[in-house]
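What the coordinates show
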Amino acid sequence: MEKIEIIINDNGTITERTIKERNLKAEGEVLDALTADVTRKNHNVMQIPGWGMAHANVGLTDTIWSIPIDRIPLKARFRVINSVLVPMFASMTDLEMPVVWKAPKEVRLVFVVRTERNDDCVVVGGNWLFAFNKDNNGYRLPLPNLHDECSICTGEFDGTYDSAQECVIASLEQFNKSKWNSDLMTTVEQSQKFFRFKPTNETFDTLPIQAADWTTLCEKVSTATMDRVIL
Amino acid sequence: MKKITVEYGVDSINKQVGSGFTIGDLQEDDAIKGALGFGDNTKALINGIEQDRKTVIPDGATVRIETAANTKAVA
């Protein structure tokens, strides 16, 4: 196909530009090279029991699974300060217990799992926890066990399975039972404003975040993995 | 002077900088850090390739800032 464009230049001269197009017979490896960085987004790929739907961002070498979650299980040490239960991640003496923090709707949490196919099995390539605001900016929550780029220090667990679904389920099980210690803690002040609970007779109710804008208690992040998250 | 674009997350800014402005200068520029909200632990990419701090940013370039991984603290 041939297309002719007539261009009127700023200085009044006229240029003719001829554009020729033809389809190339590209081999597979050429297409692979050209599409190496291209990923494909698929919503609602599989159901994760107890958590909800997982979305997939499929690349040539890996898949990034995004699971929107509405809670964070916090197995950590806590203390009651002014009638409010707050985490004491670095403490060695306060009572350790499992408390579930329920995210307010303005904090959009996404648990992320990267899986890679390895011969006849699928391997967990990492876990991340991101919080997004209404403008789709990503943030690192004021939690220990989270690296600066929001990857989770999960501790050791078996990351080799027959399917990606098993990898995602195993990652969430590890997330559910892991202890939150102070390994990557910078300051507990933000954590205690973010994760607050009201002790009741039988359980602990999540209290509102103690800040007009929750993102002020977090650190804004931007990573290649985050760019592939599906909200 | 030259014009560059800096991206961090879904936010971006355009900025006029001096001709010798480097990646390191960008990563330490408090005004840009404040505007885009990135901290000290970052890496910078141009066209998807991570850049050295000493690299002079070309005129018209788009620099993507990403949060770098940190290492586990020693107890």
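Model, not experiment: these values are computed from the prediction. (Residues numbered from 1 in each chain as written. Chains lettered and ligands numbered in written order. Predicted model: local features only at pLDDT ≥ 70, side-chain atom pairs only at ≥ 80, totals over all residues. Heavy atoms only, no water.)

Topic: the overall build of chain B
Within chain B, the regular secondary structure consists of 2 helices and 5 strands. Element order for chain B, N to C, with α for helix and β for strand: β-β-α-α-β-β-β. A compact globule built from 75 residues would reach a C-alpha radius of gyration of about 11 Å, and chain B, at 13 Å, matches this within 12%. For the C-alpha atoms alone, the extent of chain B along its principal axes is close to 45 × 20 × 20 Å. Counting the 75 residues in chain B, one finds 40% classified as buried. A separation threshold of at least 6 residues defines the contact pool for chain B, and within that pool the share at least 24 residues apart is 50%. For chain B, the computed accessible surface area is about 4200 Å², with 48% contributed by carbon and sulfur atoms. (Helix = DSSP H or I, 4+ residues; strand = E, 2+ residues; numbered from the N terminus. Rg over C-alpha atoms; globule rule 2.2 N^0.38 Å. Buried < 20%, exposed > 50% of the residue type's maximum accessible area, 1.4 Å probe, protein only. Contact = heavy atoms within 4.5 Å. Areas by Shrake-Rupley, 256 points an atom, 1.4 Å probe, with all protein chains shown as cover.)

Section: helix α2 (residues 164-177) of chain A
With 14 residues, α2(A) ought to run about 20 Å at 1.5 Å a step, and its terminal C-alpha atoms sit 20 Å apart, in line with that. On the buried face of α2(A), the contacting elements are β3 (40-48), β5 (63-69), β6 (71-81), β9 (108-118), β10 (121-132) and β12 (160-161) of chain A. (Expected span 1.5 Å × (residues − 1).)

A few points about the interface of chain B and chain A
The interface of chain B with chain A comprises 17 residues on the first partner and 15 residues on the second. Of the roughly 1300 Å² buried where chain B meets chain A, counting both sides, 45% is carbon and sulfur surface. The partner of Asp227(A) in a salt bridge is Arg64(B), and the shortest N-O contact between them spans 3.1 Å. Connecting chain B to chain A are 9 residue pairs in polar contact (both at pLDDT 80 or more). For the side of chain B that touches chain A, the element with the highest residue contribution is strand β5 (residues 62-67) of chain B, accounting for 4 residues. Grouping the amino acids of the side of chain B that touches chain A by side-chain chemistry returns 7 nonpolar, 6 polar and 4 charged. (Buried area = accessible area lost by both parts, 1.4 Å probe. Salt bridge = Lys/Arg side-chain N within 4 Å of Asp/Glu carboxyl O. Polar contact = N/O pair within 3.5 Å; in protein donor to acceptor, adjacent residues only side chain to side chain. Nonpolar A, V, L, I, M, F, W, Y, C, P; charged D, E, K, R; others polar.)

As for unusual backbone geometry
Residues and elements named next belong to chain A. Although it is not a glycine, Asp-119 sits at a positive phi angle of roughly 55°. Along the polypeptide, Asp-119 turns up in the loop between β9 and β10. Of note, the phi angle at Asn-145 is positive, near 70°, even though the residue is not glycine. You can see Asn-145 is positioned in the loop between β11 (138-140) and β12. For Asn-145, a relative accessible area of 5% translates into the label buried.

Structural notes on the side chain of Lys33(B)
Residues and elements named next belong to chain B. Considering the arrangement of structural elements, one finds Lys-33 in helix α2 (residues 30-36). With a relative accessible area of 14%, Lys-33 lands in the buried category. A polar atom in the side chain of Lys-33 sits 2.6 Å from the side chain of Asp-40. If we ignore the near neighbours within four places in the chain, the residues touching Lys-33 are Gln-27, Glu-28, Phe-38, Gly-39 and Asp-40.

Concerning the nonpolar core
Burial of nonpolar side chains together is a common tendency in soluble globular proteins. Counting 46 residues, the largest nonpolar core has Ile67(A), Ile72(A), Trp101(A), Leu141(A), Leu143(A), Phe175(A) and Phe194(A) as the members making the most contacts within it. Put simply, the parts of the chain that give this core at least two residues each are β3, β4 (52-58), β5, β6, β8 (95-102), β9, β10 and α2 of chain A. Considering each element in turn, this core owes the most residues, 6 residues, to α2(A). Non-local contacts of Trp101(A), meaning those with residues more than four positions away in its chain, are made with Asp70(A), Arg71(A), Ile72(A), Leu74(A), Leu109(A), Phe194(A), Phe195(A), Arg196(A), Phe197(A), Thr206(A) and Ile209(A). Grouped together as the second largest cluster of nonpolar side chains are 26 residues, Trp128(A), Phe21(B), Leu26(B) and Val63(B) included. (Core = buried A, V, L, I, M, F, W, Y, C linked by side-chain atoms within 4.5 Å.)

What to know about a negative patch on the surface
Residues and elements named next belong to chain A. Negative charge collects at one region of the surface, where Asp-119, Asp-120, Asp-162 and Glu-166 lie side by side. With respect to the secondary-structure elements, Asp-162 resides in the loop between β12 and α2. Exposure remark for Asp-162: the relative accessible area of 61% places this residue in the exposed category. (Patch = residues over 30% accessible without salt bridge, like charges linked within 9 Å, V, L, I, M, F, W, Y side chains within 5 Å. Lys, Arg positive; Asp, Glu negative; His and termini not counted. Charge placed at Lys NZ, Arg CZ, Asp CG, Glu CD.)

Digging into a nonpolar patch on the surface
A cluster of nonpolar side chains, namely Ile4(A), Ile6(A), Ile8(A) and Ile14(A), defines an oily patch on the protein surface of about 460 Å² accessible area. You can see Ile4(A) is positioned in strand β1 (residues 2-8).

Side note on the sheet that holds strand β1 (residues 2-8) of chain B
Residues and elements named next belong to chain B. The 5 strands are arranged β2-β1-β5-β3-β4 in an open sheet whose pairing can be described as mixed. Edge strands, defined here as strands with exactly one partner in the open sheet, are β2 (11-17) and β4 (49-50). Two elements, β1 and β2, share 7 bridges in a ladder whose sense is antiparallel. Bridge assignment links Thr-5 to a residue of β2, and that residue is Asn-14. (Pairing = 2+ DSSP bridges.)

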